[in-house]
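Chain by chain, the residues:
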Amino acid sequence: MAHPDLPAEQAYVDHAYDCLDRMRAVVERAADATDSEVAALALEAWAVRRLKTFEDAERGLCFGRLDLDTTPVPLYVGRRWVHDDDNELLVVNWQAPAARPFYVATPADPHNVTLRRRFRTEGRRLLDLSDETLDGSGSIAGGDFLLDELERSREPHMRDIVATIQSDQYRLITRDPEPPLVVQGGPGTGKTAVGLHRASYLLYSHRDRLRRVLVVGPNPTFMEYVSHVLPTLGEENVEQRAVGELVDGVEVSVTDPPAVERLKGDGRLAAVIANAAAARAAAHPEELVARMEGEYLRVREREVAELLAEARRELGLTTRARERFRMNVLRRFYEDYGARLGGLAWRDFGEVERALNAKGFLGRWLDRVWPAVSPDALVRTLLTSRPALEAAAAGILDDAEQRSLRRSRAGFGWSEHDVPLVDEARAVLAEPARTFGHVIVDEAQDLTPMQLRMVARRAARASVTILGDIAQATGPVVHDGWNDVLRHLPGEPEIEELRHAYRVPAEIMELALPLLDRIAPGVEAPLAFRTGATAPHVERVPESELLTTALYRALGLAREEGLLAVILPEQLVPDLTAHSAYDDGIPLLSPRRAKGLEFDHVVVVEPALIAEGETGLRELYVALTRPTRTLVVVHSRPLPEPLGAAVP
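What you see is a predicted model, and the numbers here were worked out from it, not measured in a lab. (Residues numbered from 1 in each chain as written. Predicted model: local features only at pLDDT ≥ 70, side-chain atom pairs only at ≥ 80, totals over all residues. Heavy atoms only, no water.)

1. A short note on the sheet that holds strand S23 (residues 599–605)
Either a parallel or an antiparallel arrangement is found when strands of a sheet pair, and the pairing is made through backbone hydrogen bonds. Taken in spatial order, the five strands line up as S20-S24-S23-S21-S22 in an open sheet, and their pairing is parallel. Unpaired on one side and paired on the other, strand S20 (537–540) and strand S22 (588–589) mark the two borders of the sheet. Direction of pairing for strand S21 (residues 564–567) relative to S22: parallel, over a ladder of two bridges. Within the sheet, the bridge partner assigned to Ile 567 lies in S22 and is Leu 589. Packed onto the sheet, helix H23 (residues 546–558) meets S20, S21, S23 and strand S24 (627–635) and runs at close to 160° relative to S24. (Pairing = 2+ DSSP bridges. Helix = DSSP H or I, 4+ residues; strand = E, 2+ residues; numbered from the N terminus. Contact = heavy atoms within 4.5 Å. Axes fitted to C-alpha atoms, helices over the stretch in contact; angles between N-to-C directions.)

Structure follows, in structure tokens:
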């Protein structure tokens, strides 16, 4: 039976939408409010950006209401603020302090809330209401909207969770930007959603100070999956990049073997690059002498050496340091020009500089004294030249490590783990990376020390949020605890934990949890929020039937509503892709590529093969915890020991 207040609430929401439409119309007319062409263009650009913040309202402008014992009228909470023609507030933004009780009020601590009402919406239409009284009675009328949302079919892109943020998530979303925050969360605890909504909240609350936020994820697949959340929250001052895409102009085209990935991620490579940069940019002080107005003017070699040392002491080997040195030499030369010629010194500073630059004279002198070095070329040379690498890595890398790094110049391409090396070289030889007011890093447990250095230099004031799960650490450099990660980042982070697994049902979690004691004994097990899902189906078949059976099970699940994926060992992906009955609509993913993603239905193939290798059991844990509804395990080999004990 429909809630008796549904018509009245629908009328309120209709009025709010009418007012929102009028607010939108005012913004659309903004460019016509001035006669200046420049101002009109600026206003038009502002209007385009502003109008984007209205678009997400069509997905459900208002999702709840609070009755408080401190105010005579209810407070409506939604995706954005709305006021009427008299500037009376109709809907408050979910990020506003006034909305806080909607997320944190409990019967034990009601925050003056007497009733919390949630709306289920479809576009502009209210479908249902759910009431929760906070007077101590614990009375709830209507359905559990959180469970309904969790049981809804997945979509190709992640959705925002503003209507169903839980109190444990909200307290982390709304933490101040400093000190650094680490969010440890197992599968399905919502840590990615926390990070994305935290980006939006921080810009709402600290926009003048932070200005822009950077969100870093593990790979392009993951970034595409989460890419729609922040735009639907109306945020445009957020840059979202995969860690391999952080450095402009470096396109990844090759893949390194695992052992090489591990070595390139080692923090010792920073010292190798620093040595190579120092050698290539070594100073060679030389007197600067030129004739003007019949007199030889000079900056003596001793003075040049002093100016070199001063610039490098303050700014290192960067282009900024080189330019400061050049200008200081020019000033010293101009001083000599004035001192020697007196009243005959008719040229101003700019004219003297142009005279020295004539026919490239000053540039050639500068290149001899302070050689200009391309950071990208430096790294390329290190990776392709034995003498260059031997000189830079002496006493740092042994012979075997140096051999594993070297590769042919022919067909050279950048790998994902070359990107931090180029970034390191640019930081030493060019300019510091662009910084952001806050940096949010997801799946941070998989980042190498060199990748973490790359992230750290983009965070102003050590303002970072780190998201991840040590139990799912499968990167080239395996971190056993957060301290291994944090020693490569600035500041003194606070570690917080999300325990409730909202996405993964208990029946699926129970199959995966025996792995946790082996892969991360110090990590608390996630607490499944949902029960009642179908028990995992585990099926053993002959090896000759493994791929055929996996495909058959996947095709059967493809007829069900929701997203489907097949997760299998990396070495089996080509075999299944080449199968004559393979359906291009079913994604085939290795466990590493599936990390951070979620699906309604998952078929996991040959767990024993996934479990091989240093991080194999962790990769299996990742694979088993991707589904929200159905898990099928197809295997021909015996199951790995922790998993086998959990299967009847």
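Picking up after the structure, the text goes on.
2. A few points about unusual backbone geometry
Omega for the bond connecting Glu 178 with Pro 179 falls within 30 degrees of zero, at 0°, which places this linkage in the cis form. Tracing the chain through its elements places Pro 179 in the loop between helix H5 (167–173) and strand S8 (181–185). Of note, His 111 is a non-glycine position whose phi angle comes to about 55°, a positive value. Inspection of the secondary structure assignment puts His 111 in the loop between helix H3 (100–104) and strand S5 (113–122). Accessibility expressed as a relative area gives 30% for His 111, which makes it partly exposed. With a phi close to 55°, Lys 359 is a non-glycine residue in the positive phi region. (Buried < 20%, exposed > 50% of the residue type's maximum accessible area, 1.4 Å probe, protein only.)

3. A short note on the nonpolar core
Most often, soluble globular proteins keep nonpolar side chains buried together rather than apart. Trp 94, Tyr 103, Val 215, Val 272, Val 439, Val 604 and Leu 624 are the most contacted members of the largest nonpolar core, which has 128 residues in total. Looking at which element gives the most residues to this core, the answer is helix H6 (residues 191–210), with eight residues. With near-sequence residues (within four places) excluded, Val 604 lies in contact with Ile 567, Ile 610, Leu 620, Ala 623, Leu 624, Leu 631, Val 632, Val 633 and Val 634. Residues Val 299, Leu 330, Phe 333 and Tyr 337 belong to the second largest nonpolar core, which totals 25 residues. (Core = buried A, V, L, I, M, F, W, Y, C linked by side-chain atoms within 4.5 Å.)

4. Brief notes about the sheet that holds S8
Ordered by their spatial adjacency, six strands build an open sheet running S10-S9-S15-S16-S8-S17, and the pairing between neighbours is parallel. Looking at which strands have only one partner, the edges of the open sheet turn out to be strand S10 (238–242) and strand S17 (494–498). Looking at each pair of strands side by side, their axes are set apart by 15° on average, direction ignored. Alignment of strand S9 (residues 213–217) against strand S15 (residues 438–441), held across four bridges, turns out to be parallel. Pairing of Val 215 across the sheet is with Ile 440, part of S15. Each of S8, S9, S10, S15, strand S16 (464–468) and S17 touches H6; the most contacted strand, S15, lies at about 180° to it.

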